[in-house]
Amino acid sequence: MSIVIHPANIPNIATFAAIAQNDVCWEVCDNFQKQTYRNRAYICTDRGRLMLNIPIQHVGKDQGRQLYKDVRVENAYNWQRQHWRTLQTAYRTSPYFEFYEDEIAPLYTQTYTHLLAYNLKSIEIICDCLQIAMPQEKTSSFEANLPSQEDFRFLVDAKKKLPFTQPVYHQVFGERHGFLENVSVLDLLFNEGPNALGYLKGLKITSL
């Protein structure tokens, strides 16, 4: 099945399950919206669920809405160092962190100017870790209604509760906080390693 989906920041498990199970076309012609997974992700830490937020450069209201592909990352603040240190603290005792560490690290050591480019790179690196092909197709214009593809763009909405059942897997702080659902796919990767792809393909993700 062919689906249209937003490139999110180190996407959550539901989003990556959709990527792993379908032919994907990236939505790159939409407007940027706040409070979405475009520039935020959630991981599991000793304090529970924690948001990693990428700061962006905001434009003035007189310029109207900003296209997602034009959104620039605010690099005056060293968010990459903070995110990487947080990931190291949260997952250094997980079974597979050291196995994937060198592949993930460039997301936090190389400078990126645009959010969309960073998000696509994060997905490409995770696809490499999972040993699946990175989807290449992108939209050429924005269409509110998709005539020939399934619309999975709802997955980028951080406020939306998804109707899917997620089997429990081992999480580093699971005994302390219980199982935390639909966090970044990095949590699954660092804890399950080579079993992560089979887990993703086993999830049932349907369009709304």
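On a predicted model such as this, the values are computed, not experimentally measured, just so you know.

Chemist: For this particular structure, what's the right way to read empty space enclosed by the protein?
Modeler: Any space left empty among the atoms is revealed by the rolling of a water-sized probe across them. Inspection of every chain in the model, using the stated rule, returns four cavities of 30 Å³ or more. Roughly 50 Å³ of internal volume is contained in the largest cavity. Every residue along the wall of the largest cavity is listed here: Ala14, Phe154, Leu155, Leu162, Pro163, Phe164, Lys204, Ile205 and Thr206. In terms of residue class, the lining of the largest cavity is built from seven nonpolar, one polar and one charged. Taken as a whole, the second largest cavity spans an internal volume of roughly 40 Å³. In terms of lining residues, the second largest cavity is bounded by Asn9, Ile10, Pro11, Asn12, Tyr37, Arg40, Ala41, Tyr42, Asn182, Val183 and Ser184. Here the lining of the second largest cavity is built from residues that sort into six nonpolar, four polar and one charged.

Chemist: Where do I start with helix H7 (residues 185–192) in this structure?
Modeler: Among the eight residues that make up H7, eight are buried, leaving the element largely enclosed by the rest of the structure. For H7, every residue scored as buried is listed here: Val185, Leu186, Asp187, Leu188, Leu189, Phe190, Asn191 and Glu192. Backbone geometry just after H7 places glycine 193 at a positive phi near 55°.

Chemist: Can you help me understand the sheet that holds strand E2 (residues 23–26) in this one?
Modeler: Adjacent strands of a sheet pair through backbone hydrogen bonds, lying either parallel or antiparallel. Across the sheet, four strands lie side by side as E5-E2-E1-E6; this open sheet has parallel pairing. Each end of this open sheet is capped by a strand with a single partner; those strands are strand E5 (137–138) and strand E6 (150–151). With two bridges joining them, E2 and E5 adopt parallel strand pairing. Bridging across to E5, tryptophan 26 finds its partner in lysine 138. Along the sheet, helix H1 (residues 13–21) makes contact with strand E1 (2–5) and E2, crossing E1 at roughly 145°.

Chemist: Honestly, the side chain of aspartate 30 in this entry has me stumped. Any pointers?
Modeler: Following the sequence through the fold, aspartate 30 ends up in the loop between E2 and strand E3 (40–45). At 3.3 Å, the side chain of aspartate 30 forms a polar contact with the side chain of histidine 6. Apart from residues no more than four positions distant in its own chain, aspartate 30 is found in contact with His6, Arg38, Leu67, Tyr68 and Phe142.

About the thresholds
- Residues numbered from 1 in each chain as written.
- Predicted model: local features only at pLDDT ≥ 70, side-chain atom pairs only at ≥ 80, totals over all residues.
- Heavy atoms only, no water.
- 1 Å grid on protein atoms, 1.4 Å probe; cavity = no way out; pocket = protein on both sides within 12 Å on 5 of 7 lines; lining within 4 Å.
- Points joined across faces, edges and corners; volume = space filled by probe spheres on them.
- Nonpolar A, V, L, I, M, F, W, Y, C, P; charged D, E, K, R; others polar.
- Buried < 20%, exposed > 50% of the residue type's maximum accessible area, 1.4 Å probe, protein only.
- Helix = DSSP H or I, 4+ residues; strand = E, 2+ residues; numbered from the N terminus.
- Pairing = 2+ DSSP bridges.
- Contact = heavy atoms within 4.5 Å.
- Axes fitted to C-alpha atoms, helices over the stretch in contact; angles between N-to-C directions.
- Polar contact = N/O pair within 3.5 Å; in protein donor to acceptor, adjacent residues only side chain to side chain.

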